[in-house]
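Survey of secondary and tertiary structure
Here are the chains, one letter per residue:
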Amino acid sequence: NYSLDFDGVNDRMNVFNAQTIGRTQTISISVWMKLTTNGRQWIVGNFTSSNYGVGFHIATGDIMIFQLGDVTNDSYFNSRVASLSTYAPSGQWNHFLGTWDGTDSKIYINGVLRNTWTPSSPLTIQWYGPSGQFLIGTFGASYNPNGKIDELGLFDTAVPIGDVWDGSGKPIDITGVTGLTNNWRIGEDATFDGTNWTVPDIVGSSIGTTANMGISDRVGDAPGSENNALS
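What this report covers is the structure whose coordinates are included nearby.

Rules used in this analysis
- Residues numbered from 1 in each chain as written.
- Predicted model: local features only at pLDDT ≥ 70, side-chain atom pairs only at ≥ 80, totals over all residues.
- Heavy atoms only, no water.
- 1 Å grid on protein atoms, 1.4 Å probe; cavity = no way out; pocket = protein on both sides within 12 Å on 5 of 7 lines; lining within 4 Å.
- Points joined across faces, edges and corners; volume = space filled by probe spheres on them.
- Nonpolar A, V, L, I, M, F, W, Y, C, P; charged D, E, K, R; others polar.
- Helix = DSSP H or I, 4+ residues; strand = E, 2+ residues; numbered from the N terminus.

Quantified by volume, the largest pocket comes out at close to 210 Å³. Around the largest pocket sit 18 residues that line it, and Glu151, Pro171, Ile172, Asp173 and Arg185 are the ones nearest its centre. A per-class count over the lining of the largest pocket returns seven nonpolar, five polar and six charged.

All right, on to empty space enclosed by the protein then. Under the definition given, this model contains two cavities of 30 Å³ or more. Size it by volume and the largest cavity reaches roughly 60 Å³. Lining the largest cavity are Ser30, Trp32, Glu151, Gly153, Val164, Pro171, Ile172 and Ile174. Breaking the lining of the largest cavity down by element, the ones donating at least two residues are β3 (27-35) and β12 (146-155). Split by residue class, the lining of the largest cavity holds five nonpolar, two polar and one charged. The space that makes up the second largest cavity amounts to roughly 50 Å³. Along the walls of the second largest cavity sit Met33, Lys34, Leu35, Asn38, Ala88, Pro89, Ser90, Gln92, Asn94 and Phe96, which together make up its complete lining. When contributions to the lining of the second largest cavity are tallied by element, the ones reaching two or more residues are β3 and β8 (94-100). Here the lining of the second largest cavity gets three residues from one element, more than from any other, and that element is β3. When the residues that make up the lining of the second largest cavity are grouped by side-chain class, the tally is five nonpolar, four polar and one charged.

Limitation: the analysis is restricted to geometry and does not speak to function.
Here's what the structure looks like:
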């Protein structure tokens, strides 16, 4: 029933001590978003530049990128969907799934495969340094998304789209899906300490903490469910 609303300025959610989160050579990210604009925004991931890490972001020019950093820009620039607003209009809830099985990178939008990319040579994902953060709604402290994010799942396998999408336009329970390592429901079960929100990881142990987000940033708007009462 609830999501977190990011202001596009400095709202973000950090998962600290994330040395192992998303650091696998096969991986999937499932997330729901209702963005105000499809301009340049870093949505979620453990990347520190275009050369490292894994994550979803929107590039200038209305392009969705599922980033797989191998210390070159090659993979970063190829795993993408152009004309994003055609497939995922702003102002409405859309579901995104990015998968990498070690051979093919795929991007699904609202249950439909919109991109398959196979690198011409073997790709090994690289990460910057032994420690790091898994970031939701920011790239460090810039390119923050403007809109709502909900129901984020991280997997250490390339999950089939049918495991996270049933065609209803609403989130489904993914807690039993093989390979699920972390699941932040974002708005659900989040608690406010008077300054920021704490967001539990209902599958793993990696708690998220927001920055610069007030009590009004949890909203009664979620995929397939609007105008929900807030306590």
